[in-house]
Amino acid sequence: MKKIIFVSLIILFLNCENDSREIRYYPTDNELINQNHELIDLDTTKLNFRQITDSIDDGYFDNDYGNMIVEFDDGKIKKRIIAYFYGSGLIKRKNVLQIKSDSILIDNGYPISELKRILKRHYLNKGQNEIYSDSPSKALVEVTIDTNKNGKQLKEVLTRITRSFDDIKSEIRDSIQLRVFFDYSRQTTQIPLPPKIYD
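This is a predicted model, so every value here is computed, not measured. (Residues numbered from 1 in each chain as written. Predicted model: local features only at pLDDT ≥ 70, side-chain atom pairs only at ≥ 80, totals over all residues. Heavy atoms only, no water.)

Colleague: Explain the side chain of D166 to me, and be specific about the residues and the numbers.
Modeller: Along the chain, D166 falls in helix α5 (residues 151-172). Among the residues examined, D166 registers a relative accessible area of 17% and is labelled buried. With sequence-adjacent residues up to four places away left out, D166 is seen in contact with R24, Y26 and K79. (Helix = DSSP H or I, 4+ residues; strand = E, 2+ residues; numbered from the N terminus. Buried < 20%, exposed > 50% of the residue type's maximum accessible area, 1.4 Å probe, protein only. Contact = heavy atoms within 4.5 Å.)

Below is the structure:
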């Protein structure tokens, strides 16, 4: 029994040593990366989107981001997204590109297959089109998927976003940053029914 445990520990150690995957942060601001954060591994978590978003909200401190990072494997790259949520600061609606699992909520809506083109337009708009971002530094992305979707389903959306963003950044060779907000409030906001009128 001891021999089996010892061999298992050696295999685990070798696997860790051989795991030379790149770790890529979004955004890549050094002051954020160097802070202590808790990790939610989207490949293994049992939390749903609401619980993940609430965890970020609970970890909030003065800078409008929490101490939570969502992490997932994308092939040879381990991606870590420092998750934001809407704090007390004012953010212009036009600076936020809302993305659902299957669509992009801008103009009259686009299918998710148009993500790279719309994301590029959003980041490079520079105030030209009044419904897209004022500048690359103010451009934000909001993920607003169904509250019951799990970590793997969130990973699918974030994989699409990060791959598209990385392609754009490589093409334009600029230091744009991907800041991702999680929000489900639009799903839970209910319009009150008008009062009944009795004759």
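From this point, the discussion proceeds with the structure in view.
Colleague: Describe α5, with residues and values.
Modeller: Across its 22 residues, α5 extends 31 Å between first and last C-alpha, which sits within 8% of the 32 Å expected from 1.5 Å per residue. Within the sequence span of α5, burial applies to G151, L154, K155, V157, L158, T159, I161, T162, S164, F165, D166 and I168. Residue N150 occupies the N-cap position of α5, its side-chain oxygen lying 3.1 Å from the main-chain nitrogen of K152. Downstream of α5 by one or two residues, R173 has phi in the positive range, about 50°. (Expected span 1.5 Å × (residues − 1). Polar contact = N/O pair within 3.5 Å; in protein donor to acceptor, adjacent residues only side chain to side chain.)

Colleague: Give me the lowdown on the pattern of salt bridges, citing residues and values where you can.
Modeller: In total, this model carries 16 salt bridges according to the counting rule given. A salt bridge links D43 to K155; its shortest N-O distance comes to 2.6 Å. Of the two residues, D43 is situated in the loop between β2 (38-41) and α3 (49-58) and K155 in helix α5; the sequence distance between them amounts to 112 residues. Here D166 makes a salt bridge to K79, at a shortest N to O gap of 3.9 Å. With D166 in helix α5 and K79 in strand β4 (residues 77-84), this residue pair connects regions lying 87 residues apart in the sequence. Each of the salt bridges in this network shares a partner with another, and the network as a whole consists of E22, R24, D74, K79, R163 and D166. (Salt bridge = Lys/Arg side-chain N within 4 Å of Asp/Glu carboxyl O.)

Colleague: Now, about helix α4 (residues 115-124): what can you tell me, with residues and values included?
Modeller: If you check which residues of α4 are buried, you get L115, I118, L119, H122 and Y123. Considered in projection along α4, the buried side chains sweep an arc of 130° and stay on one side of the axis. Contact partners of the buried residues in α4: β5 (96-99), β6 (103-105), β7 (110-111), β8 (140-143) and α5. Residue K126 follows α4 closely and has a positive phi angle near 50°. (Arc of directions from axis to C-beta.)

Colleague: Explain the nonpolar core to me, using residue names and the numbers behind them.
Modeller: Ranked by internal contacts, the top residues of the largest apolar core, which has 38 residues, are V143, L154, L158, I161 and F182. Broken down by secondary-structure element, the contributors of at least two residues to this core are α3, β3 (65-74), β4, β5, α4, β8, α5 and β9 (180-182). Looking at this core, the element that brings in the most residues is α5, giving 6 residues. (Core = buried A, V, L, I, M, F, W, Y, C linked by side-chain atoms within 4.5 Å.)

Colleague: With reference to specific residues and values, describe the pairing of β4.
Modeller: Counting buried positions along β4 yields 8 of 8 residues, so the element is predominantly enclosed. A two-sided burial pattern is seen for β4, the buried positions comprising I77, K79, I81 and A83 on one face and K78, R80, I82 and Y84 on the other. The sheet contact formed by strand β1 (residues 22-26) and β4 spans 5 bridges and is parallel. Along β4, the bridge assignment pairs R24 with K79. (Pairing = 2+ DSSP bridges.)

Colleague: An account of the packing of aromatic side chains is requested, with residue identities and associated values reported.
Modeller: Tallied over the entire structure, the rule returns 4 aromatic pairs. Residues F49 and F182 carry aromatic rings whose centres are separated by 5.7 Å and whose planes lie at 55° to one another, so their mutual orientation is tilted. A residue pair is termed long-range when its members are at least 10 positions apart, and F49 in helix α3 and F182 in strand β9 qualify at 133 residues. Among the residues examined, F182 registers a relative accessible area of 1% and is labelled buried. Among the aromatic residues, those joined into a cluster by ring pairs are Y26, Y123 and F165. (Phe/Tyr/Trp six-rings, centres within 6.5 Å; stacked < 30°, edge-to-face > 60°.)

Colleague: Could you give an account of the environment of R93, naming the residues involved and the relevant values?
Modeller: Relative to the helices and strands, R93 resides in the loop between β4 and β5. Once the C-alpha coordinates of R93 and L140 are considered, the two residues, 47 residues apart in sequence, prove to be 9.7 Å apart.

Colleague: How would you sum up unusual backbone geometry? Please name residues and give values.
Modeller: The step from Y26 to P27 runs through a cis peptide bond, and the omega angle for that step is -10°. Assignment of secondary structure puts P27 in the loop between β1 and α2 (30-33). Phi at R173 takes a positive value of approximately 50°, unusual for a residue other than glycine. Inspection of the secondary structure puts R173 in the loop between α5 and β9.

These values are about where atoms sit, not about what they do.
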